[in-house]
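Next come the chains, spelled out residue by residue.
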Amino acid sequence: MKKVYLIDDDDIYVFLTRKTILKVRQDVDVEVFSDGLQAMTHLRAIQNQPELLPDVIFLDLNMPVMDGWGFLKEYQELAPAFARKNELYIVSSSISPHEMERSKGIPVVSEFIIKPLVKEKFLEIIGKI
Amino acid sequence: MINIPSLNNEAERIDALYVLEILDTGKEEEFDNIVKLASIISHSPVAALTFVDADRIWYKAKQGINCEETPRNNDVADTYPFFVAIPIVVNKHLVIGHLSVAGFEALTLTQEQHKGLALLAQQVVTLLQMRMPVINNSIKEFYESILNNIPQDIVVFDADHKYLFANPGAIKNEEFRKYIIGKDDFEYAAYRNRDPKIAEARRAQFLEVKNSGKAIGWEESQTDPEGNVITFLRRMFPMHDEQGKFIMVIGFGIDISERKSLEEKQSLIMERLAIQNTQLIDFCNVVSHNLRGPLINMAMLAEFIQESEDVEEQKLLVSKLEPVIDILKSTFNELVESIQIRQDNNVKSDNLNFAACLQEALDGLVEEMRKTEAKISIDFEDAPAIIYPHKYLASIFYNLISNAIKYQSPNRKLSLNLTSKIKEGNIVLTVKDNGLGIDLLKHKDNIFKIGKVFHRHPDAKGLGLFMTKTQVEAMGGKIWVESLPDEGSTFTVEFVNQNMNW
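Some words on the overall build of chain B
Looking only at helices and strands, one finds 13 helices and 17 strands in chain B. Of all 502 residues assigned to chain B, the portion counted as buried reaches 27%.

Here is the structure:
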């Protein structure tokens, strides 16, 4: 089983993305967090349990409480200590060049994906692992 | 007729001679008469008035000799058995020429004759000086008329900070301008019944220039009798004589009010441009997040509906379309409205009663108010009314109150406190709640931005406060928030120039 985190506050988008993923890969476990803080709290709790850590994180930027940038700030410090390596993708509806440029300066971000996450892209990502 | 190899202070002597502008002038009766008198007094057939130029001796008047000029080194004097030259002295020590008499027989002048010639030589100087004031006056008038007509302030202080000169630009009133000469700023302030603070400042500036030997400059604003603020760019610079001794200070002032107000206008425009630029970026973000997001959802839903062969699943998917469309619609409407506010430069203002406008907002929130059992206290006594666009004020009340309802604390009943006061001539409205509050350290820059929300709340879209800010700023006002997490927030709106004329 591959483990995928969806960190996004848009319920409908999450519902649809989960559907997209499960349609093409049944061996994937999708966990959802509706803002950065929820995901960060969970990651801190399980950071020493490799079997619980995700293979891939899909991170939205615009979220309440702790947005994607706030999450990345803490994640950068936390991730190197993880018991297992993982990939992080920003998945945002933003088409702002400023935000894309900003994400390039963060090494833990593998790629900036503009929503929606289509099945071809997901298969490519999951296939790499 | 006289041999003078070199005279003392040659350079100064030549300067003094040239200032007189006597060289190469025509025949003048006054000087001719002096030469005649010299000849009569000394019983000498030959007499001449000569001036010693840099490289020649020039004859202004003569008798018994036919000569225009000779080289400085000549032997004219040696050709006469009798020869006496009385120096023409200016500025106490500068010899510029001679009054000479000569004869063909050896002769000794009596003391009386000597005295007479000396008096004549002095008379030459007097005559020359009578010519000088004519020159000096015209030069003085020339420069004074320039100084007096320059539309700038010019003053000159002596080494003790007493006024030597002030032009009409500096002091318009002629009587005052005459008074100030020879006085200092303290005396002038007392004379004009003015605050001596300015004199103190001037003294400090003068001493700075005097002691440092360097020019200083500064900007200075004052209010004229009509109440206009006038800004001057002032400079003071020291003057030294040839020996490097400090002799005076020149003060110079230029009215830069116009430039200043242009600069202020420019920086205001820059400020507005910066705000508009930020708003544009906000717009880009809102289009990305708040419009593009729902559109993507709709597209994905449509695709799934098409692909699905299960009727129940299709129904479920269709039901999910509705909230997406609602969000899209309300976001779109608010965006359009905020663009209209920006473009609506000539929005109509009315005389509005705060209490009545608040009631309208509360009427629109009647269901929410009933549910929350909120307590509202109002104090609009200080400023009960305002001139403002009706829909803006109603919307400001509506957004601030619905914001307070939305973010009330689950641990206590919502209590709202609204006041309107006059502060420094402007109406200031405050809306204080005891709700969840906002962590300002984290969100300081984002509170009034579009699409920013700070709580996990189903209704949080982050558009209300952006709209409120847009409406307040469109009318030249300001809005800010003070807040502590879990204690509540106070929103303050400062309306500018919207007072009622009671």
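After presenting the structure, the write-up continues.
Let's talk about helix α3 (residues 68-78) of chain A
Of all the positions in α3 of chain A, only Gly68, Phe71, Leu72 and Tyr75 of chain A are classed as buried. Projected down its long axis, α3 of chain A shows its buried positions confined to an angular sector of 100°, all on one face.

A look at the pairing of strand β6 (residues 153-158) of chain B
Residues and elements named next belong to chain B. Strand direction decides the pairing type here: β6 and strand β10 (residues 246-255), joined by six bridges, are antiparallel. Bridge assignment links Val156 to a residue of β10, and that residue is Ile250. Here β6 runs beside strand β7 (residues 163-166); their pairing, made up of three bridges, is antiparallel. Note on β7: the bridge partner recorded for Val155 is Ala166. With antiparallel pairing between neighbouring strands as the criterion, β6 and β7 make up a hairpin whose turn holds four residues, including His161 at a positive phi of roughly 70°.

What to know about the confidence of the model for chain A
Averaged over every residue, the pLDDT of chain A is 89; the share at 70 or more is 100%. Per-residue pLDDT, averaged within each element of chain A, yields its smallest value for helix α4 (residues 97-104) of chain A (86) and its largest for strand β3 (residues 56-59) of chain A (94).

Observations regarding the environment of Asp379 of chain B
All names here are of chain B. Here Asp379 shows up in strand β12 (residues 375-379). Residue class for Asp379 comes out partly exposed when judged on the 13 C-beta atoms lying within 10 Å of it. Sequence separation between Asp379 and Thr419 is 40 residues; the distance between their C-alpha atoms is 4.7 Å.

Observations concerning the nonpolar core
Residues and elements named next belong to chain B. Counting 34 residues, the largest nonpolar core has Leu393 and Phe397 as its most contacted members. Looking at this core, the elements that each hand over two or more residues are α9 (354-364), β13 (385-388), α11 (390-406), β14 (415-423), β15 (426-433), α13 (464-474) and β17 (488-495). Grouped together as the second largest cluster of nonpolar side chains are 29 residues, Val46, Tyr80, Ala102 and Leu128 included.

A few points about the sheet that holds β17 of chain B
All names here are of chain B. Spatial ordering of the open sheet is given by β12-β14-β15-β17-β16, a layout of five strands whose pairing is mixed. Lying at the two open borders of the sheet, with one neighbouring strand each, are β12 and β16 (478-484). Taken pair by pair, the neighbouring strands of this sheet meet at an average axis angle of 15°, ignoring direction. Sheet contacts for α11: β14, β15 and β17; angle to β15, the most-contacted strand, approximately 25°.

Here we look at unusual backbone geometry
Residues Lys115 of chain A and Pro116 of chain A are joined by a peptide bond in cis, for which omega reads 0°. Tracing the chain through its elements places Pro116 of chain A in the loop between β5 (109-114) and α5 (119-128). You will see that Lys92 of chain B, though not glycine, has its phi angle at about 70°, which is positive. With respect to the element layout, Lys92 of chain B can be found in the loop between β4 (82-90) and β5 (94-103). Looking at Lys92 of chain B, the number of C-beta atoms within 10 Å reads 5, which means it is exposed.

Digging into the sheet that holds β3 of chain A
Backbone hydrogen bonds are what pair the strands of a sheet, in a parallel or an antiparallel way. Residues and elements named next belong to chain A. Taken in spatial order, the five strands of this open sheet run β2-β1-β3-β4-β5, and their pairing is parallel. The open sheet has two free edges, formed respectively by β2 (28-33) and β5, since each of these has just one partner strand. Recorded for the sheet is a direction-independent mean angle of 20° between the axes of neighbouring strands. The pairing of strand β1 (residues 2-7) with β2 spans six bridges and is parallel. Residue pairing across strands places Tyr5 opposite Glu31, the latter belonging to β2. Across the face of the sheet, helix α1 (residues 11-24) comes into contact with β1 and β2 while running at roughly 170° to β2.

Observations regarding the packing of helix α2 (residues 36-46) of chain A against α3 of chain A
All names here are of chain A. Where α2 contacts α3, the two axes come as close as 9 Å, and the packing angle between them is 15°. Taken together, the axes of α2 and α3 lie roughly parallel to each other. Pair α2 / α3 crosses with right-handed handedness. Contacts between α2 and α3 involve Gly36, Ala39, Met40, Leu43 and Arg44 from the former and Gly68, Gly70, Phe71, Glu74 and Leu78 from the latter.

Cut-off values and rules
Residues numbered from 1 in each chain as written. Chains lettered and ligands numbered in written order. Predicted model: local features only at pLDDT ≥ 70, side-chain atom pairs only at ≥ 80, totals over all residues. Helix = DSSP H or I, 4+ residues; strand = E, 2+ residues; numbered from the N terminus. Buried ≥ 20, exposed ≤ 12 C-beta atoms within 10 Å, placed from the backbone. Arc of directions from axis to C-beta. Pairing = 2+ DSSP bridges. pLDDT = per-residue confidence, 0-100. Core = buried A, V, L, I, M, F, W, Y, C linked by C-beta atoms within 7 Å. Axes fitted to C-alpha atoms, helices over the stretch in contact; angles between N-to-C directions. Contact = placed C-beta atoms within 7 Å. Parallel < 35°, antiparallel > 145°, perpendicular 65-115°, else oblique. Left-handed = near helix turned anticlockwise from the far one by under 90°.

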